[in-house]
Structure formats: C-alpha cells, structure tokens
Amino acid sequence: MAVSDFISSLAETKNTQLKSWKQHPLRREPELNAEPEPPTASASQVTMSLDEDARWLEWVTKQFESIAGDDKEIDIDEFKTALKVKESFFAERFFALFDSDGSSSISLDELLKALDLLIHGSETDKLKFLFQVYDVDGSGSIDPDELRTVLKSCLRESAISLPEEKLDDLTLALFESADKDNSGSITFEELKAELEKFPEVMENLTISAANWLKPPETDQKRRQTPRYLTRAYWQNNTRKLLFLCGYICLNLMLFIGAMLRHSYGGAWYMVAKGCGQCLNFNCTFVMVLMLRRCLTWLRATWLLRVLPLDQNILLHQMVGYAILCYTLVHTTAHVFNFVHLSESSGFSVWEYLLTTRPGIGWVKGTASVTGVVLQVVICLMVLCSSTFVRRSGHFEVFYWSHLSYVWVWSLLIVHCANFWKWFLVPGLVFLLEKIVGIAVSRMGGLYIVEVNLLPSKVTHLVIKRPQFFHFKPGDYVYINIPEIAKYEWHPFTISSAPEQSDTLWLHIRSMGQWTNRLYEYFRQLESPIDSPKRLATSLRNRRQMKAQ
C-alpha cells in the first residue's frame, strides 16, 4: 500500500477504534441523574508564543542557576529536575545531545543553545534533532523499529490514535518508500526527502521535539475576590446555599431546644445535651443522603427544582464533618461535667468515663463506655474517608472502615435512649435499599463486549444492555469492574441513546486513579508483545519473499 494512502487518512484517525476485548465481567447498579456531565476532551496546545518562549528561557535559566553547583554545570539527574522532563528515555537522550563536549555534564550555554534551536530553529533543524534522539546507537541511520517509535510518539503528541497493526503498516510503507537503496536503514537525508512530500506529517514530527520540553504552565492570576463571594457562585449554587441555611437553622433550633430543656444540669451538661440532640438528627440525616434509589425517584419530581439532590455526596461529606465536630464538643462537655460531678460524688473522673459503676445510660449504665467507643470509631471513619486516603491507592481502607457505620448505629441505640426514634423509619428504608441493590447487582452477569481507546485517554466501554433496563437521556449508572477494583463503584453518564436496545455506551475520561487504571488495563491488553527489532525482521522477510 502506498504511503499517501495512509497520510491522507491521518485526519480521520482521531476516532479510530483501537481494539475490542470480549466478555470482560462487570457488575452494575443502575442509578439516574437528571443533570449529566459527559466526558469532554480538549485539544492541547503544542506551540508557544514569542512571549511564552521568552518566559520559558528565563525560567530555564533560573532553574539551572538554582540547581547548578559551583562549577556551573549539571549532571543527568539535575537536568531531569531542572527541566521537569517526565519520561526518562527522553531526558537521557536530550542530555546526551545537549552535552556537546561529552563531559557527562552540561553548562548553561550548552543548554540554552540547544533549547534555542528547538524553539527558533527551522523544521529541518528540529527534524534533525528528533532523528538524533531516536538514533540511540549514533550510527547515523534509523531502522524500522526506531522509526515506528518516532511515528507513535509524534502521533500521540497530536492526539491522533492509530491501531497498532495500522501503525506497523504505516511505518513499513514509509520506511520502504524512504529506503531508496534497500539497505534496511534510512539516513537523515532519506527521511527528510520522504517527509517533505507530506507537510502535515513533517509538521507533527518537528513540533514534537520542542513540545516534550514544554515548561509547566504558569500559575493563573490570583482572584481578586474569593470565589465563594462572587455573584456567579451564588447564582449557580442557590439551591445548595438555601438548603445549607435551612440545615444550619434546624441544627441551631435543636441545639437551643435541648439546652433549655436541660438547664438544670449546669452549663457543660447543657452543651453536651445540645450536641447530643444534634447528633441524633445528623447521624440519621447522613444516612438519608445516601438513599440513592429514593433520591433517584425524587429527581423525577418537582423537588429537583428546590433541593440540591444532585449534590448529595457533597452534603453527605459535610454532615460527616459536622458529626465529628459535634462528637468532639459533646465528649469534651461531658468530661468537664464529670470533673464537676466527681468533686461531690464517690466516683472518679475515670470511673465516670470508662466504667458502668455510676449507672449513666438507659442500658445498664453503658452510656459513657459506648460514648468513648463511638468517639474513636467516628474519628477513624472520618480520617479514613479523607481525600488523601481515597485517592492515594488505598480505597479499600476507606471502603472497609466506612462499613463500621453498622457499629456506629448499633452503639448509638445503646448509648442514647431517644436515637431509635430518629433512626427507625430511615433505617428500614436504608435496609430495603441495600436488599434491592444486592438483588439487582446479582441478576445475571453483565459483560463488556467491546472497548475502544480514544484520544485524550478516553475509554469507550460497550456494555451488554440488561433485559428490562430502561433509561432516559442524561441518566447514569454505577459500575463495578472487579478486574480494576473489587469493591469500588463509580457513576458514569450513559452516552448511548435509549433506542439502542442491545448495548450501553460509556465514555470515561481518565481523570483519577480508577479511571487511569481502567485505561491502562485495556491499553496493556491492546499493546502487542514486541520482540527486539520486530519490524526490521518483518521487513527482511517481506523482501526475501519478493525476491523469490
């Protein structure tokens, strides 16, 4: 096949489907969302303006001077630190080329001279540098496998995705066209002469060399006004802000009411009782905010226009922190109250806190003991729910620690005589939702029938649509892929039309740990196991067959 047949179709490869993998098990739990946020992908800028060039060179100079020692030179490790080059291969090749005198270190003059060439040099200069980057052995020629690496890297820089087999075909076609003397390798002159026939590919190749060393983006200008005080923020978050105002007022009413009813016990006793009443409400409300099926049903009603139903996770987190604060104040107030009581009774402070002898509580005097246990468990739950735990590769810590909510509710029923009145109805609804969720997730096996890896690290999943599964545009599903993470469920907007009866489509942008693992999992399955000089061997075999 001619090289031009490949080159003319490069613009159409943005949406090329890379490869499919059959019958990957997947469990799903359907949920609906009336306000979707489908994944979006934006093209990256690959060129720098003149102002950016000047700022970059100034930044590089400052980085070099801050890292270089008394000899005003830097080694390979310092070079990686100075320019923040991400890939070790590129860093080592760049360093070797910048080190013009072969001293295993580079001076500021050597660095700036090379960078100036990459920024202001001609396309030929940039292409020659790129040629030298991949001519690792310094032989002055590139074999088919080295050329394939060049093309793959440059296509990736331009957000163009090609299937591996088509990339192989493109590489061999370009190589055979450029290798005029059939030597099995191409020189710089041969490569340049061939690429000059295809300006668009020439441009992609030459911009890549400079773009690999592109400096980090400069910090955005600081806002003059905090975001939370802008008119736009209040207009866009009216429902949430009004809801939070109502939530705060309700907590104040509960706190003040409980304090007034227990004014006979002194100030610390009143504070403890006020926080306790707020905890009765919040420890139940934090569960209500996770009744996903009930919230899904409410989203289809007029309440969606009044309540921030799509922000239930954020509200759940806020209520969780409120519970932590209330428990700390509640415990502290009781400790000071016990100090006061110990002065006029026969029990010490430690007996009040850690034993049942004083007889405090409606279940055999266990209020203090259960309170201490609750304080420890709630603190651990909040700590293990923190962002740095969930997103640092320890999601299981969050998952298993969060299951201790069962113990929290059980201990609260024993700890407080009135908590069961708050908990009874929401608890039954929560239990019913859990039963339904388990039943739905185990109703037959669902499978990923096809996976397409798209530009900008977007994973396109094609999932077998369950029987009797109905949805509307904008709805989303919770999915669990045991191969990626056994216990993690994540919501994604359905990108296919409801009229598509056989399959569901999800387009998942790689933004976090789970989504990146998903993309990498299928990318590794898609990547062939390359043997050394695989294309060079293939080219020799092809030429031998033609010669026979």
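Please read all numbers here as calculations on a predicted model, not as lab measurements.

Chemist: Go over a nonpolar patch on the surface, please, and point to the residues and values.
Modeler: On the surface, W350, L354, V372, V376, L380, L383 and F388 cluster together into a nonpolar patch covering about 730 Å² of accessible area. Elements that contribute at least two residues to the nonpolar patch include exactly α16 (349-354) and α17 (367-384). Residue contributions to the nonpolar patch peak at four residues, all from α17. Mapping V372 onto the fold places it in helix α17.

Chemist: Outline the packing of α17 against helix α20 (residues 405-415), listing residues and values.
Modeler: Here α17 crosses α20 at 155 degrees, and the two axes come no closer than 10 Å. Taken as axis vectors, α17 and α20 run roughly antiparallel relative to one another. Read as a crossing pair, α17 and α20 show a hand that is left-handed. Only Y405, V408, L411, L412, V414 and H415 of α20 make contact with α17, whose side of the interface consists of A367, T370, G371, V373, L374, V377, I378 and M381. Along the lines of polarity and charge, the residues of the contact of α17 with α20 split into 11 nonpolar, three polar and no charged.

Chemist: Please give an account of the packing of aromatic side chains that cites residues and values.
Modeler: Scanning all chains against the criterion turns up 19 aromatic pairs. Note on Y264 and Y269: the rings are 5.9 Å apart at their centroids and 50 degrees apart in plane angle, and the pair reads as tilted. The exposure class of Y264 is exposed, given its relative accessible area of 63%. Ring geometry for F347 against Y352: centres 5.9 Å apart, planes inclined by 70 degrees, an arrangement best described as edge-to-face. On the basis of relative accessible area, Y352 is assigned to the buried category, the value being 6%. Joined through ring pairs, the aromatic side chains of F243, Y247, F281, F285 and W422 make up one cluster.

So, how was this worked out
- Residues numbered from 1 in each chain as written.
- Predicted model: local features only at pLDDT ≥ 70, side-chain atom pairs only at ≥ 80, totals over all residues.
- Heavy atoms only, no water.
- Patch = residues over 30% accessible without salt bridge, like charges linked within 9 Å, V, L, I, M, F, W, Y side chains within 5 Å.
- Areas by Shrake-Rupley, 256 points an atom, 1.4 Å probe, with all protein chains shown as cover.
- Salt bridge = Lys/Arg side-chain N within 4 Å of Asp/Glu carboxyl O.
- Helix = DSSP H or I, 4+ residues; strand = E, 2+ residues; numbered from the N terminus.
- Axes fitted to C-alpha atoms, helices over the stretch in contact; angles between N-to-C directions.
- Parallel < 35°, antiparallel > 145°, perpendicular 65-115°, else oblique.
- Left-handed = near helix turned anticlockwise from the far one by under 90°.
- Contact = heavy atoms within 4.5 Å.
- Nonpolar A, V, L, I, M, F, W, Y, C, P; charged D, E, K, R; others polar.
- Phe/Tyr/Trp six-rings, centres within 6.5 Å; stacked < 30°, edge-to-face > 60°.
- Buried < 20%, exposed > 50% of the residue type's maximum accessible area, 1.4 Å probe, protein only.

Purely spatial values, then, with no claim about function.
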